Each structure stands twice: as structure tokens, then as C-alpha cells.
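# Structural description and commentary
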Amino acid sequence: MSSAANDKREHLEEEFRRRMHDAEATPSADLWARIDHDLTVQENSMYKSRMVLYRQLAAACFVLFVLAGALSMYYFSKDAQQQSLATVQPEKTAPVIAAPAAGEISIPEALAAAMATQEKAAQKPGEKASETAMIRSSEKSGITVPILAAAPARTSPAGVTAPAATPPEAPAAAYTYTINLPENKTRPESMAANSGRSFTNNKIKFSTESPGDTKTAFASLQPFYQTARQAITAAPSPGSSHTSQASMAVQQLLRNPGAVLVASNTTFSVNGTTNKQQQELALLLNGKKESKSSSDSRWTVGMAYTPSYFEQNIGMSDQMMDAASMYSLVSGAPAVSSFAARKVEDAQDEYAENTDPGFSFSFDAKLGFKLARKLRLLTGIGYAQNTARTKSSYIIRQLPDQVQNNDRAALEPAIAFLPAFSNGFSPDSVSVTRTEEYNVQYRYRHLTLPVGLQYEGHLSKDWYWYAASGVAANFLIQSTIMASNDEVSDVNFNSGDSSPFRKVQLSGNISMGVGKRLSNAVSVSVGPEFRGYFNTLLAEPGNALAPQGKPYTVGLNMAVNYDLGSGR
Amino acid sequence: MKLFTKPKSDEDKLIEGCIAGKRDMQRLLYDLYAKKMMLVCLRYAPTTFEAEDMMQDAFIKVYANIGNFKKDCPLEFWVRKIVVNTALKHLRSKQLLTVSHEAEEVSNISSDNFSLAGYSMEELLAIIQSLAPRYRMVFNLYAIEGYNHKEIGEMLGISEGTSKSQYSRARAILQNIIMRQEENYKKHVISS
């Protein structure tokens, strides 16, 4: 038995080691130049692949930005349009109102006139500005009530003439009507302050004054009369005996908002309008605006966490073994290859039996935009880590053929999974070693850019159901195959590396579940989610011997949503 | 304040420079190990041209993977390991590892009185390069690199027993070559 067989070094080994181990030889002078050239080429290719990734990311961000911008413009322009319709602009209205007979009018009539003119103004937003009428109490009582409309040029039956409409370039005119309240000397700063106070038998006299007489009282009371709805809802509480009269006046106003109101000597209390009527009236007058103001904001932000199981759907095929055997015969070394072939077959059987989905998860930050009452557009950015696992007892060393130069590049010792990537087998290209069972984990990390739609339905006051569907672009940022065996090298491909895996994958997802509104702004939801990838994991599945399926995940989507601006 | 931080050694700076892709540092690393690694390649490659190819690929791998160097062994050892692995892959890619049984019978000779003192480095290289690729590889790995047969079996994808038998044969061939050369030398000296 030789010393080599006994793994015992003798004099020959020591002599060769002593002479050769640390010996040196000078390489040719141009070797460094060749290495330098290779490094430069490598850096350029890395730079290019990185640039491609950055460009894709930039394009995706740009699309998202444009989408968000377009939706914002659509939303805000629509909102502004509604606001301009709902708000009365006194300077731009030209309503017609008749002066009261004998220059006297009661406060409810003045209110009704105000509402009528305001309604008309809302119907004719394009008309030019006119004057602003103001009702003021006698100087003694100090009541000043502005009316946000007046006739452009009118003459009352009693001969009280209001000035004509003020041209745009003229100073804003506010003609004042004086209301005499001889018996009630209270000084209501605003109509709200008068709530519950009866104006019965208080005669209000109108008188015109020059524009210069209009004082700051108008400014102080203006907010109260900005909308007719406010005027009505601010009316006094019920309890008066003149409810029916007030109702009639209001109904008349509603039937014919632009009608000329003729003042009468009949006096009544504005307290007469009941709460219910006030609300109905408010809804009728500004129903659209009311419903809008009570609705939620269109924008939401949310975060979702989805633990899931990932099926990578990469199988093993008999073709792989057939190929190996065929090449073995060609090579003229059947003994070695058939031995390796049997072991590879065992290894692939083991792979097929022991590969299971692993725990995976995704995390998304989403921005939602309500397209309709129950339909929401969702987009954002996410991170997904998909994992599959297997157990193996074999170590495979493989040298796949490189078609371009008819060469072979050796892979590090690996599990049975890796040869599935390639169809390049050659006689001594597969070496299989059986070892103790070890775990293998396949991990794929993606940056995701999702976009989708979510429909929400009502279940109860706080509960709702949802169904969502969407697509996502998944950018592979890292793929790793890790083995718990020290002899097997881990395989890791970063985003810039040349890897057999697809750099960008498209996926579709569908989910449904239930949600609960925790408050006006915050809601949580949970439900199962299925995410299927439209492509295989491998970039070139046609070149792989193993059958390539499309991976998918099944998980549980848990989300928290926050309505932006709710409660405004 | 660097009171509590270990000052960086020159090797650390060299490694960091290579990780950062600094070409001057890469050149420095090359200059440091090129000569030793060239001889390693020459031991495995049948020709100088192929040895330089191996060197080129090996150093590209060194630069690409130096970020994974864990400093649990000397840098030279790590570089040498990469060079050896690259050499093995090269020989595999050239399909030079097929075992061809030598026609002539060789016998194991005791190496107790064995001496290489009279051989130059070129002569020793020529002797090693005269071996068949598979034998040359096993001999290099066992006798010079110091791997055991189990490791060699794993590296070459052969069994431990195959490695032992191939080494035994390689050793015998080498001894015979050296013996023949010594006999020829003695004959030449005596005749002259």
C-alpha cells in the first residue's frame, strides 16, 4: 500500500511541497492589461444593467406621478367648480326684488327675499354684480340686517327707489334699508343672536341711503347670509304660533325662488319653522353641497401586510436525466455518467417530494383615490419576500455548456435544483455526492409597484366588505438559494448580477374580505389574497430542462387605512 | 478619536480599495500575488498560454468576490484557493480530466532517499506537466496544496478511493520519470 493510499505524506510529497509551494514565476507583461480590460468590460456591463433597472424604476415612478397628478387635478378642479356654484357671490348677482309696499317688510320676508335672490343668483352665475341691500334697524334699535341682493334698478310702489346696478368699475355699493323696531329695542348683532326672539308686531321700515352710509355692520354680518341655507337653518327654534305662516312663506319661496315678494303688514315670527322643516329646507336648498360635505375624502393612505405561502412552481423532469444519459453515451464514459445519472435521478426525486412552499410576506404602502362612492383606485409601492424550501441529501457539481464559446463554466457545489436551470450536460459534467440531509431555502426579494381597484360594500354601521383586484410590476432585487450544508455554496444574485431569474415580473392579485371602521378616518380590513405571476421565475424557461410553471402566493391581507381629510 | 478602533492594516486598506473598485488597489493586489499564483497556474496548466488564461480568470474572480472575504484565513490562502478552483474548472472545461490508462506498467518506489535538490524549477515543472491532466491535478492538490483525498474527491467529483488510486499512480509515474532521468544522468556522467 502506498503512502498516498494511507493519506500519509512521505519524503517525496514534502520535497515537492517545499520546492514548489512558494515558488514564483513571472507572468507575461500584458497579463495585467488583459485583466484591466476585462474589469473595464465588467464594470460597463454592471453599469448598464444598473442603468436599466434605474430607468425602469424611474419610468414606473413617472407613471405613478402622472397618474396621481391627473387624478389630483381632476379632483380639485371638480371640487372648485362645485364650490363656485354653491357659493353666492354678491358682486356678481343681478337679482330682482321688489321693494316692499309702503316701505315696510317683516324680517322673515327679508329673509325670504334674500333666499330668493340667492337662489336666482345660483341659477345665473354669469350675471353681473349688482348692489347689496342691507336692512338696518332704526338707529335707535341698531338692528342691521344685510340682504345679499337687490334689484339692479327698481322702483318700489311706494316710490322708494333703489339705485341701479353698480358697474363693475364703480365702488361696491351697499344700499341700506332701515327697519324700525319701536317696541323691541334689542340689538341683535346677528340673526343667530335673535334665535328664539319674536319679531311680532315689529314693523320694519325700508329706506334707502347713499352708498357712503353703509358701515361696517355689513361686514360683521356678512357670513351669516353667505348662503340661503345658513339663513334658514339659523332661524329661531320652534315654539311660535306662526309656524304655518312661515312654512307657507318658505314653500312659496321654494316654488318660485325668483318671484317678487310683496311685503305685507302681516307680521309673524320666524320661530315658527320647526327643526324638521329647517332641515328639510336645508337639504332641498343645498342638498348637493350637504351630501358632499358629509361624505368622506376621496384620498386614503394605507399600509398592508400580507403573510403568505409561495409556490415557486419549478419542477424536475425526466428530460434532465435523459439528457445526461445521452451525453454520457456520446462521451464514451458510460460507467461514470450512468452512476451520476442514477444519483441525479435520486436527487431530483427527493427535490420533487420535499419542496414545499415557505413562509413569505409582502408589505405595501398604498395611496387610494375614490373614483366613485364605493370604488377606489389603489396604487403605491411595496416589498415582497417570497420563500420556498426543500430538504436534500445530495450535492451536485455541474458544468453547464456555454453555447456561445462551446465552453463550460463550472458552478459551485449545489443542490439538485440548480441543474434545472440549464440544459447543458456533458459526460463528466455532473458529479453527485450523497450526504446528510440538509435544508435549502429559496428566497426572492421584489420591489413591487401595484395598481388596482377596490370595491367596497356596506355590511352594517361600522362593518363593510371589499373585493380588490390589481396588477403589479415586481422588480427582482435579490434572489438567494441558501443551504444549511457547509459544503454547498450559497447562491446569491443581486439586482445588478447576471442571473437566470427574471428581472421584472408582472403579477395579478385578487382579494376579498371584511373591514371595520374604527373611527371616521381609520379603518382596518382583513381577507385572503391570491397573487399569481404572469411569467416564470426563470428568464428563459425554454432553455431549462425542468418544467417551469408560473409561481403564485396565497396569503392573508391585513390592512390599515386612513382617510385623508375626513372630518373637515 | 480612534482610541477604541483598531487601526486598519495595509491589507485591510488593500481589500477595501479592491471592493471599491479602485484600479490602483487592484493592481497592487495583482503585483503582490501574481508571481506566486502564476506558478500555481503553471503547475496545473499544460502550457504557459493556458496558465495565463487561468490567471486572468482567477484574478477577475478575486476582484469580484473579494467583498466575501471573511478574513478568517490569510488573504494569500484565499487568493490561492480561487486560483486553484479556477484552474480545475479550466481543465474541466477543456475536457482534459478523462483518465487515460497509461500503457506502461509503473511500480511504486520507496521515496526515502528521494531528493529534488539537483532539479531546477523549470525541470520540476516540466516533470509535473508531463503527467496526464487528471494525475497532474490530483498530484498538485495532494502533494503541493496539501488537500486530503476526501477533499480532492469532493473537488473533482470523484470518490475518495479514486483520488487515492489516481494519486498513487501519478506518484509512481513521477518517481519513474525522475529515476529514469537520474539513471540517464549517471550514464551520461559515467560515459563522459
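Rules of the game
- Residue indices begin from 1 for each chain and proceed along its sequence in written order.
- To read the labels, note that chains go from A and ligands from 1, taken in the order they are written.
- Since the coordinates come from a predicted model, pLDDT governs what is reported: local features require at least 70, and pairs of side-chain atoms require 80 or more to be given and counted, while whole-chain, interface and lining totals use all residues.
- Each side-chain value is derived from all of the structure's non-hydrogen atoms; neither hydrogens nor water enter the calculation.
- Runs of H or I in DSSP of at least four residues are treated as helices and runs of E of at least two as strands, each being numbered from the N terminus.
- Burial classes follow relative accessibility: with a 1.4 Å probe on protein chains only, a residue under 20% of its type's maximum area counts as buried, one over 50% as exposed, and anything between as partly exposed.
- Only heavy atoms matter for contacts: two residues are in contact if any of them lie within 4.5 Å across the pair.
- In these tables, accessible area is a Shrake-Rupley quantity obtained with a 1.4 Å probe, and a residue counts as shielded only by the protein chains included in the view.
- Computed with a 1.4 Å rolling probe, the buried area is the accessible surface lost when two parts are put together, summed over both parts.
- Whenever Lys or Arg places a side-chain nitrogen within 4 Å of a carboxyl oxygen from Asp or Glu, that contact is recorded as a salt bridge.
- The term polar contact refers here to a pair of N or O atoms within 3.5 Å; inside protein, the definition further demands a hydrogen-donor-capable atom paired with an acceptor-capable atom, and it admits residues adjacent in sequence only when both atoms are side-chain atoms.
- Think of it this way: DSSP has to see at least two bridges between two strands before they count as a pair.
- In this analysis an axis means a line fitted to C-alpha atoms, helices contributing only their contacting stretch, and an angle means the value between N-to-C directions, from 0 to 180 degrees.
- Oblique is the label for every angle not falling under 35 degrees (roughly parallel), over 145 degrees (roughly antiparallel), or within 65 to 115 degrees (roughly perpendicular).
- In this scheme the crossing of two helices becomes right-handed for a clockwise turn of the near helix relative to the far one and left-handed for an anticlockwise turn of less than a right angle.
- Asp, Glu, Lys and Arg are counted as charged, while Ala, Val, Leu, Ile, Met, Phe, Trp, Tyr, Cys and Pro are counted as nonpolar; the rest, among them Gly, fall into the polar class.
- Pairing of aromatic rings covers Phe, Tyr and Trp, the last counted by its six-membered ring, and requires centre-to-centre distances within 6.5 Å; plane angles under 30 degrees mean stacked, over 60 mean edge-to-face, and any other angle means tilted.
- Every residue gets a pLDDT, meaning the predictor's confidence in that residue, from 0 to 100.
- Among buried residues, the Ala, Val, Leu, Ile, Met, Phe, Trp, Tyr and Cys ones that are joined through side-chain atoms within 4.5 Å form a nonpolar core.

Each helix and strand in chain B was counted, giving eight helices and zero strands. A burial count over chain B gives 48% of its 192 residues as buried. In chain B, the share of contacts with a sequence separation of at least 24, taken over all contacts with a separation of at least 6, comes to 70%. In the form shown here, chain B has an accessible surface area of approximately 9800 Å², with 53% of it arising from carbon and sulfur atoms.

Let us now look at the overall build of chain A. Counting its secondary structure elements, chain A contains nine helices and 16 strands. Evaluated residue by residue, chain A yields a buried proportion of 46% over its 568 residues. Nonlocal contacts in chain A, meaning residues at least 24 apart in sequence, comprise 77% of its contacts between residues at least 6 apart. Counting only carbon and sulfur atoms, one obtains 57% of the accessible surface of chain A, whose full area is about 27800 Å².

So, about the environment of Lys-81 of chain B. Residues and elements named next belong to chain B. Within the secondary structure, Lys-81 sits in helix 4 (residues 75-93). For Lys-81, a relative accessible area of 40% corresponds to the partly exposed category. Between the C-alpha atoms of Lys-81 and Val-62, which are 19 residues apart in sequence, the distance is 9.9 Å.

To continue, consider the interface of chain B and chain A. The interface is formed by 58 residues belonging to chain B together with 43 residues belonging to chain A. Between chain B and chain A lies a buried interface of about 4800 Å² when both sides are counted; carbon and sulfur atoms form 55% of it. Our count for the contact surface shared by chain B and chain A stands at six salt bridges. A salt bridge links Glu-43 of chain A to Arg-23 of chain B; the nearest nitrogen and oxygen atoms lie 2.7 Å apart. For the pair chain B and chain A, the number of links is 15 residue pairs in polar contact (both at pLDDT 80 or more). The element contributing the most residues to the side of chain B that touches chain A is helix 2 (residues 23-44) of chain B, with eleven residues.

Right, let's get into the pairing of strand 14 (residues 504-517) of chain A. Residues and elements named next belong to chain A. As judged from the 13 bridges shared by strand 12 (residues 463-483) and strand 14, these two strands associate in the antiparallel manner. When the sheet's bridge partners are listed, Ser-469 is paired in strand 14 with Ile-510. Direction of pairing for strand 14 relative to strand 15 (residues 522-533): antiparallel, over a ladder of nine bridges. Residue pairing in the sheet places Ser-507 in a bridge with Tyr-533 of strand 15.

Residues and elements named next belong to chain B. The geometry of helix 1 (residues 10-19) relative to helix 2 is characterised by a closest axis approach of 8 Å and an angle of 125° between their N-to-C directions. Taken as axis vectors, helix 1 and helix 2 run oblique relative to one another. When you trace helix 1 past helix 2, the crossing you get is left-handed. Taking contact as the criterion, the partners of Glu-11, Lys-13, Leu-14, Gly-17 and Cys-18 in helix 1 are, on helix 2, Met-25, Gln-26, Leu-28, Leu-29, Leu-32 and Tyr-33. Looking at the contact of helix 1 with helix 2 residue by residue, the class counts come to seven nonpolar, two polar and two charged.

All right, on to the pattern of salt bridges then. Applying the stated rule across the entire model yields 16 salt bridges over all chains. A salt bridge links Lys-71 of chain B to Asp-12 of chain B; the shortest N-O distance between them is 3.2 Å. Placement of the pair is Lys-71 of chain B in the loop between helix 3 (48-65) and helix 4 and Asp-12 of chain B in helix 1, with a sequence separation of 59 residues. Judged by relative accessible area, which is 18%, Asp-12 of chain B ranks as buried. Of the charged contacts in the structure, one is a salt bridge between Lys-164 of chain B and Glu-160 of chain B, with a shortest N-O distance of 3.8 Å. With Lys-164 of chain B and Glu-160 of chain B both in helix 8 (residues 160-191) and four residues apart, this pair spans about one turn of that helix. Relative accessible area serves as the criterion here: at 22%, Lys-164 of chain B is assigned to the partly exposed category. Judged by relative accessible area, Glu-160 of chain B falls into the partly exposed class, the value being 34%. Salt bridges here are not isolated pairs; linked through shared partners, they connect Asp-22 of chain A together with Lys-36, Arg-43, Glu-76, Arg-80 and Glu-145 of chain B.

Residue and element names in this part refer to chain A. Under the criterion given, the structure shown has 15 aromatic pairs over all chains. Seen from their ring centres, Tyr-444 and Phe-501 are 5.3 Å apart, and the 70° between their planes marks the pair as edge-to-face. Remark: Phe-501 occurs in the loop between strand 13 (491-494) and strand 14 and Tyr-444 occurs in strand 11 (residues 430-458); sequence separation between them is 57 residues. Residue classification places Tyr-444 among the buried residues on the basis of a relative accessible area of 1%. Judged by its relative accessible area of 2%, Phe-501 falls in the buried class. Seen from their ring centres, Tyr-455 and Trp-465 are 5.7 Å apart, and the 50° between their planes marks the pair as tilted. Note that Tyr-455 is positioned in strand 11 and Trp-465 in strand 12, a separation of ten residues in sequence.

On to the environment of Tyr-142 of chain B, then. Residue and element names in this part refer to chain B. Locating Tyr-142 in the fold gives a position in helix 6 (residues 133-145). Taking relative accessible area as the criterion, Tyr-142 reaches 1% and is therefore assigned buried. Distance from Tyr-142 to Ile-152, taken between C-alpha atoms, is 7.6 Å for residues ten residues apart in sequence.

This part covers the pairing of strand 6 (residues 299-311) of chain A. All names here are of chain A. Relative to strand 7 (residues 356-370), strand 6 runs antiparallel, the two being bridged by twelve bridges. The residue bridging Phe-310 from the neighbouring strand is Gly-358, located in strand 7. As paired elements, strand 6 and strand 16 (residues 552-563) share ten bridges and run antiparallel to each other. Of the residues in strand 16, the one forming a bridge with Gly-302 is Asn-561.

Below, the discussion takes up the confidence of the model for chain A. Residues and elements named next belong to chain A. Per-residue pLDDT for chain A has a mean of 65; in total, 46% of the residues score no lower than 70. Taking the mean pLDDT of every element in chain A, the minimum, 41, falls on strand 1 (residues 132-137) and the maximum, 92, on strand 15. Every residue in residues 317-337 scores below 50 in pLDDT, and together they form 28 contacts with partners more than four places removed in sequence or on other chains.

With that settled, the discussion passes to the nonpolar core. By size, the foremost hydrophobic cluster in this structure holds 71 residues, and its most contacted members are Phe-16 of chain A together with Tyr-44, Phe-139 and Leu-141 of chain B. Sequence-distant contacts of Tyr-44 of chain B, that is, excluding residues within four places in its chain, are made with Met-54, Val-84, Ala-87, Leu-88, Leu-91, Arg-136, Met-137, Asn-140, Leu-141 and Glu-145 of chain B. Ranked by size, the runner-up nonpolar core spans 18 residues in total, among them Phe-310, Ile-395, Val-440 and Val-488 of chain A.

What follows covers the packing of helix 6 of chain B against helix 7 (residues 149-156) of chain B. Geometrically, a packed helix pair is captured by the angle between its two axes and the distance between the axes. Residue and element names in this part refer to chain B. Contact geometry for helix 6 and helix 7: axes closest at 10 Å, N-to-C directions at 135°. Between helix 6 and helix 7, the angle falls in the class oblique. Every pair of crossing elements has a handedness; the one defined by helix 6 and helix 7 is right-handed. Contacts from Arg-134, Met-137, Val-138, Leu-141 and Tyr-142 of helix 6 reach helix 7 at His-149, Ile-152, Met-155 and Leu-156. Taken together, the residues of the contact of helix 6 with helix 7 sort by class into seven nonpolar, one polar and one charged.

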